[in-house]
Amino acid sequence: MNAKGYITCSDDDPAMFGEKVTLKEHKLSVHYFCLLTSCGVYQRGEEDEGIFGFLVEDIKQEARRSARLTCFGCKKKGACVGCNVRSCRKMVHFPCGRKQMFVSQFTGLFPSYCPDHSPSQSLCTGLDISLPRSCSICLDSIDPVLSYSILKCPSCHTSWFHRDCVQRQAHSAGLFFFRCTLCNNKENFQEEMLRMGIYIPERDASWELEANAYAELLEVYKRCDALTCLCNNGCTHSAKSGWFEVIRCRLCGSRGTHRKCSGLKLDTKDWACTDCTQATDGKASLVRSPQGGPRRSLLSKRHRPSVHSSISCKRYKLTCQYLIEDAGFVLNYFLLFVFFTVGCYLSRFKDIDQTPLPNNLWDSDTAKEYFLKLLMQQIQECVVFEGPDGSKNLALDSEALREDLYFDVGCLLALSLVHGGPPVGFFSRALYQCLFNYPANRPLNVTHMTPDTHFTHQITEAESLEELKEVMAVSWEYLELAGCNRPISSLKEREALVEDLVSFTIITRMQLPLQRFREGLQTLGVFDQVQLFPSVFCGVFCEAGDHLTAQKIGQLFTINFSEQEEKLKRETPVVTFWRHFLLECEVGRSSISLQDLLRFATGSAKQQAVSAVSSPSISFLHPLTPSPLGFKEGRGPESKHLLLPVTSSYQAFKSSMEQAINKL
């Protein structure tokens, strides 16, 4: 603001200074951020009054007040932003404050802080800052030194960016889409960015607000592609009905024809173009059933006896053989899609180019097997699933529903199975039953729910009527939504309440995710084939044996402590770190799984194979020990020795373990 109280800054950048509003009748121009951060003006009006709720008279009064104050930066009058520390007398214009490294927090009372009192970030223990870094937004090189202009993500600690870059990203993405570009964290990331002075507008993303931004998605193909078009109005004419209505290919949708031009009947609605007909052997169907006779009803399929014999194995192989033969024409195209998807997943990980790969990986079928294995690992850890390794249920995620991720995951699983990928192996029995009704008509109970994710477990554990009512009172909103918020007079009524909650939680509220997941699994006819042989495919989707747990892994290793008392004191807390790390691996809070850890330590991902040889052991890697982190001694079958890094904090221990195992 100048001496008369009006803003004279020529900067007109909404991302950096907020929207600039001019009221010609009052001869007043003001930036939105200047209003928010000014010390003496507040929103006393409604949103449609004055300028964003700031009354014109209040703005003029603040201009008169600040006209007497000198800016710490440019030394001119009109400073309206002051340090929030009472003992500090520094005042600046908002644009000058950015140059002087003032931090203005756009939350609460919108306080500002000078460089001497501004909040700062700290480095994570064990973070290697010697590696070259780049801004995760603009990708320019960046020095990994935290300062006013250099910020980092508080969650993954590997995403660094310029302050101006992350401010422009926040302005574009808005509150609903602003998140870390690497780890995709939203809650902690937004909280930290607000603390460090990044303004996050409470609106949808800019690309969602653009008028008719997705209009082309609503267009359908309306053109006759026949060699000789018989329509007098041309090949682009499409009547609402009759001979010259354009009907599209039922398979690709990218070709069309008039009924008259292709010699079709007047009531024909299903038609396949020449390309699709040739690709499907003239049957216009992507997959044919391996059964020679007419298909039986789904009810008879589900009630087939479960016979585990060589005949069942042959049927499963026969099914896959037909699937692969019928899908041969799309093999290359779908594999390109799968490889691209895996590449997108892998791009989130650091140092992926340093992972040693077989020399012949890209010249043989090993490439397909390698990528499909990585794809299956990433699918298992995505947001649509929850629960421990080997027994995962579908999770209800609103963002995944908006992005139709359930359909995409089902489609990718089907593609992986058809093209020779590894078995799924991580479905829970409850999820398999919800998808394929096998075993048929068996009621679900509380043991089928994801452990420790729902208060229904607390209801079953309540020992008295008063305790049961307390649990229900805390979760009354969910009970109301489930239609179960009813008075309970005795513990005998608990069983019916739990049954209703289980049905609502696993089935009723998951209807849309389950439906889209099934439709994704119908890709290349996989869903129909599974319903033909549900007992055989159960071993493909669900883990056959007992899945690994943190307790089993912990009991598998023998811990060897040092004899020196000083080292023993430092090793004791590391054992706690180790056990906590196993728990996080089990529940999916780590980038590695229990199978990855067991494979790294012993060379095998199966507990039975490890138990058959000598028991693996653990010792400790002290900072002065000349060995790399996570080094395994005794790679032969007779010796399995894992070294745990001795660190002062759990985060440093976890980071070291993940880096060592991910590089294997």
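Residues numbered from 1 in each chain as written. Predicted model: local features only at pLDDT ≥ 70, side-chain atom pairs only at ≥ 80, totals over all residues. Heavy atoms only, no water.

**Observations concerning the overall build of the protein**
Across its full length, the protein holds 27 helices and 18 strands. In the protein, of all internal contacts separated by at least 6 residues, the share reaching a separation of at least 24 is 58%. Summed over all atoms, the accessible surface of the protein reaches about 36,400 Å², with 52% contributed by carbon and sulfur. (Helix = DSSP H or I, 4+ residues; strand = E, 2+ residues; numbered from the N terminus. Contact = heavy atoms within 4.5 Å. Areas by Shrake-Rupley, 256 points an atom, 1.4 Å probe, with all protein chains shown as cover.)

**Description of the side chain of Thr-37**
Structurally, the position occupied by Thr-37 is in helix H2 (residues 32-37). Polar contacts involving the side chain of Thr-37 include one to the main-chain carbonyl oxygen of Phe-33, which spans 2.8 Å. With sequence-adjacent residues up to four places away left out, Thr-37 is seen in contact with Cys-80, Val-81, Phe-94, Ser-104, Phe-106, Phe-110 and Ser-112. (Polar contact = N/O pair within 3.5 Å; in protein donor to acceptor, adjacent residues only side chain to side chain.)

**Here's the deal with the packing of helix H24 (residues 565-587) against helix H27 (residues 650-662)**
Geometry of a packed helix pair, given as the angle between the helix axes and the separation of the axes. Across the interface, H24 lies against H27 with an axial gap of 10 Å and an inter-helix angle of 60 degrees. One element, H24, and the other, H27, form an angle in the oblique class. Taken as a pair, H24 and H27 cross one another with a handedness that is right-handed. Taking contact as the criterion, the partners of Val-574, Phe-577, Trp-578, His-580, Phe-581 and Glu-584 in H24 are, on H27, Tyr-650, Phe-653, Lys-654, Met-657 and Glu-658. Here the contact of H24 with H27 is built from residues that sort into seven nonpolar, one polar and three charged. (Axes fitted to C-alpha atoms, helices over the stretch in contact; angles between N-to-C directions. Parallel < 35°, antiparallel > 145°, perpendicular 65-115°, else oblique. Left-handed = near helix turned anticlockwise from the far one by under 90°. Nonpolar A, V, L, I, M, F, W, Y, C, P; charged D, E, K, R; others polar.)

**Structural notes on the pattern of salt bridges**
As enumerated under the stated definition, the model contains 14 salt bridges in all. One salt bridge connects Asp-13 with Arg-168, and the closest N-O pair in it is separated by 2.7 Å. Here the residue Asp-13 occupies a position in the segment before helix H1 (14-17), and Arg-168 occupies one in helix H5 (residues 163-177), the gap between them amounting to 155 residues. The shortest N-O distance in the salt bridge between Asp-404 and Arg-516 comes to 2.6 Å. You can see Asp-404 sitting in the loop between helix H13 (398-402) and helix H14 (405-418) and its partner Arg-516 sitting in helix H20 (residues 511-521), a full 112 residues away along the chain. Overall, the relative accessible area of 22% leaves Arg-516 in the partly exposed class. Among the charged side chains, a network of salt bridges with common partners joins Asp-404, Arg-516 and Glu-519. (Salt bridge = Lys/Arg side-chain N within 4 Å of Asp/Glu carboxyl O. Buried < 20%, exposed > 50% of the residue type's maximum accessible area, 1.4 Å probe, protein only.)

**Thoughts on the confidence of the model for the protein**
Confidence along the protein averages 77 in pLDDT terms, with 78% of residues attaining 70 or more. Under a pLDDT of 50 for its full length, residues 284-334 has, in the predicted model, 69 contacts with residues more than four places off or in other chains. (pLDDT = per-residue confidence, 0-100.)

**Points about the nonpolar core**
The biggest cluster of nonpolar side chains holds 63 residues, and the ones touching the most others in it are Phe-385, Leu-413, Phe-427, Tyr-432, Phe-517 and Phe-541. Ranked by the residues each element gives to this core, the list is headed by H14, at nine residues. Setting aside residues up to four positions removed in sequence, Phe-427 forms contacts with Phe-385, Gly-390, Ser-391, Lys-392, Leu-413, Leu-435, Phe-517, Phe-541, Cys-542 and Glu-543. Membership of the second largest hydrophobic core comes to 30 residues, among which are Met-16, Ile-51, Val-81 and Cys-88. (Core = buried A, V, L, I, M, F, W, Y, C linked by side-chain atoms within 4.5 Å.)

**Overview of the packing of aromatic side chains**
With the rule as written, the count across this model stands at 28 aromatic pairs. Taking the centre distance of 5.0 Å and the plane angle of 55 degrees together, the rings of Phe-178 and Phe-189 count as tilted. Taken as a pair, Phe-178 in the loop between H5 and helix H6 (187-195) and Phe-189 in helix H6 lie far apart in primary sequence, 11 residues in all. The pair Phe-178 / Phe-189 is uniform in exposure class, with both members buried. Through successive ring pairs, a cluster of aromatic residues spans Phe-385, Phe-426, Phe-427, Tyr-432, Phe-436, Tyr-438, Phe-517, Phe-527 and Phe-541. Over the ring of Trp-243 we find Lys-260, and its NZ or CZ is 4.8 Å from the ring centre. (Phe/Tyr/Trp six-rings, centres within 6.5 Å; stacked < 30°, edge-to-face > 60°. Lys NZ or Arg CZ within 6 Å of the ring centre and 35° of its normal.)

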